Structures are given as structure tokens and as C-alpha cells.
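If you want the building blocks of each chain, they are given just below.
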Amino acid sequence: MTYLPALEKTDPEIRDLIITEEKREFNKMRLIPSENYASHAVFEATGSCLTNKYSEGYPKKRYYEGQQITDLVETLAIERAKKIFGVDHVNVQPYSGSPANQAAYRAILKPGDTIMGLSLPHGGHLTHGWKVNFSGSLYNSVPYELNPETEMLDFDKIRELALECKPQLIIAGYTAYPRLIDWTKFREICDEVGAKFHADTSHITGLIIGGEHPNPFPIADTGITTTHKTLRGPRGAMILCKEEYAEAVNKAIMPGLQGGPHNSTTAAIAVALKEAEAPEFKLYAQQVVKNAKVLADKLLEHGFRLVTGGTDNHLLLIEVFESKGILGRDASKALDKAGMVCNCNMVPFDKNTPFNPSGIRIGTPSMTSRGMKEDEMKKLGDWMNEAIAHADDDATLKRIEGEVQELCQSFPCPGIDPSKWNR
Ligand SMILES: *Cc1c(COP(=O)(O)O)cnc(C)c1O
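Residue numbers here run from 1 along each chain, matching the order of that chain's written sequence. With the structure being a predicted model, the display of local features is reserved for residues of pLDDT at least 70 and the display and counting of side-chain atom pairs for 80 or more, all residues being used for whole-chain, interface and lining totals. Values shown for side chains rest on all heavy atoms present in the structure; no hydrogens or waters enter the calculation.

Novice: Quick question: what am I supposed to make of the overall build of the protein here?
Specialist: For helices the rule is a DSSP run of H or I covering at least 4 residues; for strands it is a run of E covering at least 2, with both sets numbered from the N terminus onward. A count of helices and strands for the protein gives 17 helices and 15 strands. With respect to the principal axes defined by its C-alpha atoms, the protein has extents near 60 × 60 × 35 Å. Type-normalised accessible area, obtained with a 1.4 Å probe on protein chains alone, sets the label of each residue: buried when under 20%, exposed when over 50%, and partly exposed for intermediate values. Residue burial in the protein is summarised as follows: out of 423 residues, 57% are buried. We call two residues in contact whenever any of their non-hydrogen atoms come within 4.5 Å of each other. Long-range contacts, defined as pairs at least 24 residues apart, comprise 72% of the intrachain contacts of the protein with a sequence gap of at least 6. Summed over its atoms, the accessible surface of the protein is roughly 18,000 Å², and 53% of this surface lies on carbon and sulfur atoms. Neither His nor the chain ends contribute to the count of charged residues, in which Lys and Arg are positive and Asp and Glu negative. Charge coordinates come from a single atom per side chain, which is NZ of Lys, CZ of Arg, CG of Asp or CD of Glu. Taken as two groups, the 48 positive and 56 negative side-chain charges of the protein have centres that lie 3 Å from each other. Methods summary: accessible areas were calculated by the Shrake-Rupley approach with a probe of 1.4 Å, and residue burial reflects only the protein chains presented.

Given below as C-alpha cells:
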């Protein structure tokens, strides 16, 4: 039988684009730390008839009839998440991470309240108080920064700033921070200054479930996670919180910000949580961190400068401007041509611009999902070094691209089956 037969009939153009994207995802080293490969099971749930159903409200409290099944699906997702994180309340309806943060803030803050999150150029997320985002305009944002020497969190400074500005909320959890986060220190500072504590574990949720990083949810007041990063689920998010904020969080999502939940996504979140509870997932999380450390060592050997000097998690922030004499964007473009897909990124105290920063950001979650281990990471480090040293030499980049593709072909991709392409 042909692959994607309904699409072939209805919309061959989109079918071709999907297959071409599958080939890209299969043949390249995907190194963007927020990306991953979702499983066939996640895709089956995402592509199911659950997408047809409207179910504004929450299980047993819906506005429309016909919720016999959707109530069960949503309850399963909620119960699995509650058990895994040991948290009182979970809302699985946010459309993605950014609206989840918006809803959580709406539940516990008033416009004009003061919030403290890590500044974006230091590794924080847009929705943690960046100027041009809702979080920086609706609230009084007083960002904290990393320590200029260690490039790590500086709890003395964070505490000082909190004592000074008396925030209603402190946010921890980042997009480009390669180290462990000491949640208990944030809790202590929040308690001292009378702030609520919001943990955004979007990037590291898989590492938390796998036991590699500590879980903030027993101590955070509220928090969110995306479900499509290290958790390997569908594009979506969850809000997790203490019982006392449960009602406010639910109201902030519906009717505050959203209408009907995406039930197919909810089902796929339940599937991803089930997959993450399996014993193999612990090994996955361990290997993600091991791979990042081995890659870090290899790149240090090649003379790259790593922000903070290394990594404790799934990502590396690499300063290439001073250590290799190339701008981040030129480095990421050269790597892409050579079959290694990453993104350019600001480094702390960057002297260059956000659009043309000094660094690149590399993550191991996707390649670890394909079963790559230490040996492949060493090869990757050598290829990265060669590609960046020959960024203007298309012949070298093309040769590396071929070598990368050959390696990728012996590592299966969850969710992608190349044997179907020619059918
Ligand atoms: C990815 C991310 C988000 C936002 O998620 P989207 O689904 O892209 O809106 C929020 N917070 C952090 C820390 C993230 O890494």
C-alpha cells in the first residue's frame, strides 16, 4: 500500500512536503535542544478522531454533551502527570508553553505586579519577563542575571535583587542554561521576600522524570512544562500547581485565555507520560546527560569555549566568536550545510547582537532518542570542529554532510520509518 494514501489522493503537495521533512529529520544530526522525536504511538494519538471533539470545561464539568470518552482521556493524562510529579493539581489543556506561562501568571498575579525571571540573553525564556513579550509589558519585570565569572546562577545576587524589588513572583527554569538548578534556594528566597515560586521545567522535564535532575514540583507554587521537548510528546504543555491555586489556574485557562482543549494532544500527552514512566526512559535520560558531557569534553579538546565550562544537562552553550573567530549565525549556517542542525544563541554578557550573537546552542535529546552514544558524540565533536573551521568551504561541508548522513542511516528514528518512503 502507498504511504500516506489519503494525502496522496487529497493533497499530494503536502504529502511530498511531509515525506521530505521526514527525510530531513532522518538524515541530519538534529541538535536543537528543545526538539526531539515523538514516537509512532504519540503520532497515532495526535492524528486521531479526538481532534473532532469540542470539550470546553474540565472532566465532569463541560459545556457540551458527548464527553463520555474525552473525560476519560483527560483524566488519564492528569492522573499520570500528578503521580509522576507528586503534585496536587495538573491542567493539561494549555496550547503550548507560552500560553501555559501566561495562564499561570494570570492565576496568581495582578497586572503591574513585579516578577523576576532570568534575562533572555542569559538563558531565560521570552515569557519570563522579556520586554517585548506580554510578560514584560503586563508585569513589572526585574530580570536577574548570571554571575559574570562563573556564568552560573548567583543566589546572593538574586536574593539581593529580590529584597530590593520585593517581587510577587520569582521564575526559575530556562531555555539556554547548561547547569543544575537548585530549586530549594529559590524557594528559600521566595519565602524570605514573600514571593510565589514558579518553576518552568520545559527543557528538562524528561531529565526530571528520568531521575537525572531534581523535581521542583513538591516545592514550587506553580509551574509549567512543555510536552514536546525532553518529554518526547506532542506539541503542548501542562500547568502544575499546589491545590490552593488549582481553581485559579483552571479558570485562567478556560474561560480566561482559551476555548476548547485539543483532545488529540491531551491523549498524546497521556501516551508520552506513560512512555516516560517505563524503565527504559531512565536509561534515556541518563544517556542524554552522558552524551552531552562527552560532547562537551570533545569540544573543549578542540579549543571551543563552553559557557560555564561544561554541562550538567542536555545542552551546551558554545561561545564561538572569541574562541573560534566566527559569529554564531555563520557557525550555525555552516553546521546546517554539513548536516548538523543547531541554532545560534546569545551567550551571557554577549557583545554581539541577538540576531547575530556570539554563540551556538547544541542539545543531545534527539540524537539520544535515536540510540546514539559516546562514540557518536565524539565523531560529532570532530565534525563540528571541522565544519566550523571550514565554514566557507562548501566542498568540505558537503563531504561532512555525506558522512553525517551515512552515520544517521544506522540509527533508527522513533516515529519515522524510511522503508515506507518508496511506497
Ligand atoms: C520552550 C519553552 C517555553 C515555550 O514553549 P512554546 O511551546 O514554544 O510556547 C516556555 N518556557 C521555557 C523555559 C521553554 O524552554
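Novice: I'm lost on unusual backbone geometry in this one. Help?
Specialist: Residue P255 follows M254 across a cis peptide bond; omega there is 15°. You will see that K60, though not glycine, has its phi angle at about 70°, which is positive. Tracing the sequence through the fold places K60 in the loop between strand 2 (57–58) and strand 3 (61–62). On the basis of relative accessible area, K60 is assigned to the exposed category, the value being 79%.

Novice: Explain the site of the ligand to me, please; I cannot follow it from the model alone.
Specialist: Put simply, a residue is near a molecule or strand once any heavy atom of it comes within 4 Å of that molecule or strand. Taken together, 13 residues lie near the ligand, and S96, S98, T175, D200 and K229 sit nearest. Within the side chain of S98, an N or O atom sits 2.7 Å from an oxygen atom of the ligand. Contact between the ligand and D200: a nitrogen atom at 2.6 Å from a side-chain N or O atom of the residue. Isolated, the ligand exposes 380 Å² of accessible area, and the fraction of that covered by the protein chains is 87%. Considering each element in turn, the shell around the ligand owes the most residues, three residues, to helix 5 (residues 97–108). Of the residues assigned to the shell around the ligand, the class counts are one nonpolar, ten polar and two charged. Whenever two N or O atoms come within 3.5 Å, that pair is a polar contact, provided that in protein one can donate a hydrogen and the other can accept it, and provided that, for residues adjacent in sequence, both atoms are side-chain atoms. Just so you know the grouping, Ala, Val, Leu, Ile, Met, Phe, Trp, Tyr, Cys and Pro go in nonpolar, Asp, Glu, Lys and Arg go in charged, and all remaining residues, Gly too, go in polar.

Novice: Can you help me understand helix 4 (residues 68–85) in this one?
Specialist: Take the number of residues in a helix, subtract one, and multiply by 1.5 Å to get its expected span. For helix 4, spanning 18 residues, the distance from its first C-alpha to its last is 27 Å, which sits close to the expected 26 Å at 1.5 Å a residue. Where the residues of helix 4 are buried, they touch strand 2, strand 3, strand 4 (89–91), helix 9 (205–209), strand 10 (237–241) and helix 11 (263–277). Positive phi appears at G86, one or two residues downstream of helix 4, with a value of about 60°.

Novice: What is the right way to read helix 10 (residues 246–257) from this model?
Specialist: Since one α-helical turn is 3.6 residues long, residues separated by three or four positions face the same way. An ideal rise of 1.5 Å per residue puts 16 Å on twelve residues; helix 10 measures up with 16 Å between its terminal C-alpha atoms. For helix 10, the complete set of buried residues consists of A246, V249, N250, A252, I253 and M254. Taken end-on, helix 10 shows its buried residues confined to a sector of 155°, consistent with a single buried face. Relative to its buried face, helix 10 has exposed residues pointing more than 90 degrees away, namely E247 and P255. On its buried face, helix 10 sits against strand 2, strand 4, helix 5 and strand 10. What the arc measures is the spread of directions leading from the helix axis to the C-beta atoms.

Novice: Help me out: how do you make sense of the packing of aromatic side chains in this one?
Specialist: When we look at a pair of aromatic rings, we describe it by the centre distance and by the angle of the planes. The rule is short: rings of Phe, Tyr and Trp, with Trp giving its six-membered ring, pair when the centres are within 6.5 Å, and they are stacked under 30 degrees, edge-to-face over 60, tilted in between. By the definition in use, this model includes eleven aromatic pairs. Ring geometry for F85 and F217: centres 5.6 Å apart, planes at 85°, overall edge-to-face. Of this pair, F85 sits in helix 4 while F217 sits in the loop between helix 9 and strand 9 (222–226), placing them 132 residues apart in sequence. Residues F85 and F217 agree in their burial class; the two are buried. Relative to Y177, the ring of Y174 lies with its centre 5.4 Å away and its plane at 70°, an arrangement referred to as edge-to-face. For the pair Y174 and Y177, one class covers both residues: buried.

Novice: Honestly, the nonpolar core in this entry has me stumped. Any pointers?
Specialist: Soluble globular proteins: nonpolar side chains tend toward being buried together. We define the nonpolar core as a collection of buried residues of types Ala, Val, Leu, Ile, Met, Phe, Trp, Tyr and Cys that are connected through side-chain atoms lying within 4.5 Å of one another. Counting 56 residues, the largest nonpolar core has Y144, L153, I170, Y174, F186 and M238 as the members making the most contacts within it. Residue contributions to this core peak at seven residues, all from helix 11. Inspection of this core shows a minimum of three residues originating in each of domain 1 (43–276) and domain 2 (279–412). If we skip the residues at most four places from it in the chain, Y174 touches L118, G123, G124, Y144, L153, I181, F186, D200 and H203. As annotated, the domain borders come from an automatic or database domain assignment.

Novice: For this particular structure, what's the right way to read the environment of E244?
Specialist: Topologically, E244 is positioned in the loop between strand 10 and helix 10. With 163 residues separating them along the chain, E244 and A81 place their C-alpha atoms 18 Å apart.

Novice: How should a nonpolar patch on the surface be read in this particular structure?
Specialist: To count toward a patch, a residue needs a relative accessible area over 30% and no salt bridge; like charges are then connected within 9 Å, while nonpolar side chains (Val, Leu, Ile, Met, Phe, Trp, Tyr) are connected within 5 Å. What counts as a salt bridge is simple: a side-chain nitrogen of Lys or Arg found within 4 Å of a carboxyl oxygen of Asp or Glu. On the surface, I14, L17 and I18 cluster together into a nonpolar patch covering about 250 Å² of accessible area. Structurally, I18 is set in helix 2 (residues 12–27). Residue I18 is classed as partly exposed on the basis of its relative accessible area, which comes to 34%.

Novice: Would you take a moment to explain the packing of helix 5 against helix 10 for this structure?
Specialist: Helix packing for two helices is described by the angle between their axes and how far apart those axes are. In this analysis, axes come from line fits to C-alpha atoms, helices being fitted only over the stretch in contact, and the angle between any two N-to-C directions falls in the range 0 to 180 degrees. Two numbers describe how helix 5 lies on helix 10: the axes approach to 8 Å, and their chain directions differ by 120°. When the interaxial angle is binned, helix 5 and helix 10 end up oblique. The handedness of the crossing between helix 5 and helix 10 comes out as right-handed. Contacts from P99, Q102, A103, R106 and A107 in helix 5 reach A248, V249, A252, I253, G256 and L257 in helix 10. Residues of the contact of helix 5 with helix 10, tallied by class, amount to eight nonpolar, two polar and one charged. In these notes the angle categories are as follows: under 35 degrees is roughly parallel, over 145 is roughly antiparallel, 65 to 115 is roughly perpendicular, and the rest is oblique. Crossings are sorted by hand: turned counterclockwise from the far helix by less than a right angle, the near helix makes the crossing left-handed, and turned clockwise it makes it right-handed.

Novice: How should the pairing of strand 15 (residues 359–363) be read in this particular structure?
Specialist: In the case of a regular strand, side chains alternate between the two sheet surfaces. Of all five residues in strand 15, five are buried, a share of seventy percent or more. The alternating pattern of strand 15 places G359, R361 and G363 on one face and I360 and I362 on the opposite face, and all of these are buried. A pair of strands is labelled paired if DSSP reports no fewer than 2 bridges between them. Relative to strand 15, strand 12 (residues 315–319) runs antiparallel, the two being bridged by five bridges. When the bridges of strand 15 are listed, I318 appears paired with I360. As paired elements, strand 14 (residues 343–345) and strand 15 share three bridges and run antiparallel to each other. The partner of N345 across the bridge, within strand 15, is G359.

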